[in-house]
2 protein chains.
Amino acid sequence: MSFSIEEARQFLFRPGFHLSDVDPASTPGVSSEAELAADFAQHDREISDLQENLWANARSGVDGTGSVLLVLQGMDTSGKGGLIKRLARVMHPMGLSFHAFGKPTPEEAAHDFLWRVRPKLPEPGEIAVFDRSHYEDVLVQKIEGYAEPAEIERRYGAIVDFENEVAARGTRIIKVMLHISRGFQYANLVERLTDEKKMWKFDRADLVARSKWEKYLAAYQTAFERTSTAQAPWYVVPGDNKEYARMVVKHLLVEQLRELQQPWPRPVDDLETARRHLDAS
Amino acid sequence: MSFSIEEARQFLFRPGFHLSDVDPASTPGVSSEAELAADFAQHDREISDLQENLWANARSGVDGTGSVLLVLQGMDTSGKGGLIKRLARVMHPMGLSFHAFGKPTPEEAAHDFLWRVRPKLPEPGEIAVFDRSHYEDVLVQKIEGYAEPAEIERRYGAIVDFENEVAARGTRIIKVMLHISRGFQYANLVERLTDEKKMWKFDRADLVARSKWEKYLAAYQTAFERTSTAQAPWYVVPGDNKEYARMVVKHLLVEQLRELQQPWPRPVDDLETARRHLDAS
């Protein structure tokens, strides 16, 4: 039995769902490494074809060609970057865009929090992946008090309005929290301090967030309750097994790509004439 | 004996080199499919590490971190897109950018031909790949008479100045022509007319260029003679075996990445203190 797209939906944040319902170390539906590897690669060919179909339609100017926005959130070392790397491997880079949102620059901070996000939204035919996002503005900004409580409240509503507007333009939105345990993060941070190739990612500021772990989980919980909508649902995916989390996200992605599929563009009406022109050229 | 980086340099355009010296169907240095597959993957791990090293240094604000610009040219169906797809598979998307240059938009056409290229140059730490480039402005524009001969003449010099300037800022420039035969293009175009998944790429305008094959080769030859410099050399790579061409380009890329390598950034001076802070967090 291989992992199914329906199974990926168990991680959908629904009313009554609590973060603590998801065990970061669990891998539901998968019982061995071999099974996981097979599940991981299950839709590779299909994803590649569907993405090319999307891109082909946009390039051919087909009206109503959609796009996908994948928002990735999670505590430091939760594997957002690695997930992006593995997703990219099965897709054509031309239709893909990635953007990492860091600490706002002074210019960004002088604007509304959504200002820097808008230019990074996917164009028709594109898949855009956000490594962190406008959700930082109701997570770290809330916990560190960078914004007043009333402003944080306003932002939840502004996010829902914003995402509705994006969805209405034909963008499928998938929001994923890679949910890791505190112990798993510890092991990852030790690795950063040990492996010279990984040390550049070590940032003492990460320890501040780590020391406020429970506050972050509570802020995530509230953010999900306020912003998980039918148009832009949140998924809370167990993250301690990185391969498992990546596999689940690929399943969520293929589901949306299937719904965006259109016939292949057909620029040539009369194949015989085209072939004659080719032979004569 | 596996293919070596030195062997890739046989395709360097040097004084006296003529396009007809390269047989598009040849695969020098490789005698079997198995050998080709091994040569193709030879530096995958190294490329991935070197790219991450480059990106890590740029992200850590290390002064003088370089970048790479790979310019791809070739007749239609020469495999530029596929090459990009295969290169992307071994790299992290965050440090990579791709840009396809099409027919200039009215806004682009109203500016100097280099205007649209500048914003697409790689930032420090990035590898940028151009699918077509400012060379179209001395190829199709020359052959179709979209620019006066005197303007074409001016452009060769402007390109050399421009590329010198880019190289002086720390960008390694690799320019590759994927050199295919007319017969190979015919087979590819037939495939586009046959495979519904490929038909969207069929463009009747491609047949115009096809019918002027020799003129294009002559324009390429002149462009190479005028713009192949030590800072921004051209390589003419046999393209009828797409896997072979991709393998050669990977070797050219790893050579430049090696020269850009720097020590891994080390944000933490005192590992013991950092570890104590981590344990306490």
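Residues numbered from 1 in each chain as written. Chains lettered and ligands numbered in written order. Predicted model: local features only at pLDDT ≥ 70, side-chain atom pairs only at ≥ 80, totals over all residues. Heavy atoms only, no water.

Colleague: Looking at this model, I keep getting lost on the environment of Ser 97 of chain B. Mind explaining?
Modeller: Residues and elements named next belong to chain B. With respect to the helices and strands, the residue Ser 97 is situated in strand E2 (residues 96-100). Separated by 25 residues in sequence, Ser 97 and Pro 122 place their C-alpha atoms 7.5 Å apart. The residues contacting Ser 97, other than those within four sequence positions of it, are Glu 126, Ile 127, Ala 128 and Val 129. (Helix = DSSP H or I, 4+ residues; strand = E, 2+ residues; numbered from the N terminus. Contact = heavy atoms within 4.5 Å.)

Colleague: Explain helix H4 (residues 80-88) of chain B to me, please; I cannot follow it from the model alone.
Modeller: An α-helical segment advances 3.6 residues per turn. Residues three or four places apart therefore align on the same side. Looking only at H4 of chain B, the buried set comprises Lys 80, Leu 83, Ile 84, Lys 85, Leu 87 and Ala 88 of chain B. Tucked into the core, H4 of chain B has its buried residues touching helix H3 (44-59) of chain A together with strand E1 (67-74), E2, strand E3 (127-131), strand E4 (171-179) and helix H11 (242-260) of chain B. (Buried < 20%, exposed > 50% of the residue type's maximum accessible area, 1.4 Å probe, protein only.)

Colleague: Which parts of the structure should I look at to understand the packing of helix H7 (residues 149-168) of chain A against helix H10 (residues 213-227) of chain A?
Modeller: When two helices pack together, their arrangement is given by the angle between their axes and by how far apart the axes lie. All names here are of chain A. Put simply, H7 and H10 touch, their axes get as near as 9 Å, and they point 45° apart. It follows that H7 is oblique to H10 by the angle criterion. The handedness of the crossing between H7 and H10 comes out as right-handed. Contacts between H7 and H10 involve Glu 153, Tyr 156, Ile 159, Val 160 and Glu 163 on the former and, on the latter, Thr 222, Ala 223, Arg 226 and Thr 227. Across the contact of H7 with H10, the residue classes tally to 4 nonpolar, 2 polar and 3 charged. (Axes fitted to C-alpha atoms, helices over the stretch in contact; angles between N-to-C directions. Parallel < 35°, antiparallel > 145°, perpendicular 65-115°, else oblique. Left-handed = near helix turned anticlockwise from the far one by under 90°. Nonpolar A, V, L, I, M, F, W, Y, C, P; charged D, E, K, R; others polar.)

Colleague: Looking at this model, I keep getting lost on the relation of the copies chain B and chain A. Mind explaining?
Modeller: Two copies of one chain are present, and they are related through a rotation about an axis combined with an axial shift. Between chain B and chain A, the superposition needs a rotation of 180° and an axial shift of 0.0 Å, giving an RMSD of 0.0 Å. Taken together, the turn and the small shift mark the pair as related by a two-fold rotation axis. Among all residues of chain B, the one whose C-alpha sits closest to the rotation axis is Arg 89 of chain B, at a distance of 2.3 Å. Interface overlap between copies: 100% of the residues of chain B at the interface are likewise at the interface in chain A, consistent with a symmetric, same-surface contact. (Least-squares fit on C-alpha atoms with pLDDT ≥ 70 in both.)

Colleague: Please clarify how the interface of chain B and chain A should be interpreted in this entry.
Modeller: Interfaces are often sized by the accessible area lost when the parts come together. Every contact between the two is made by 47 residues of chain B and, on the other side, 47 residues of chain A. Counting each side, the surface lost to burial between chain B and chain A is near 4,400 Å², with a carbon and sulfur contribution of 67%. One can count 4 salt bridges joining chain B with chain A. We note a salt bridge from Lys 197 of chain B to Asp 49 of chain A, for which the minimum N-O separation is 2.6 Å. Between the two partners, chain B and chain A, sit 11 residue pairs in polar contact (both at pLDDT 80 or more). Taken together, the elements giving at least two residues each to the side of chain B that touches chain A come down to helix H3 (44-59), H4, E2, helix H8 (182-194), helix H9 (204-211) and helix H12 (271-280) of chain B. Class assignment for the residues of the side of chain B that touches chain A results in 24 nonpolar, 8 polar and 15 charged. (Buried area = accessible area lost by both parts, 1.4 Å probe. Salt bridge = Lys/Arg side-chain N within 4 Å of Asp/Glu carboxyl O. Polar contact = N/O pair within 3.5 Å; in protein donor to acceptor, adjacent residues only side chain to side chain.)

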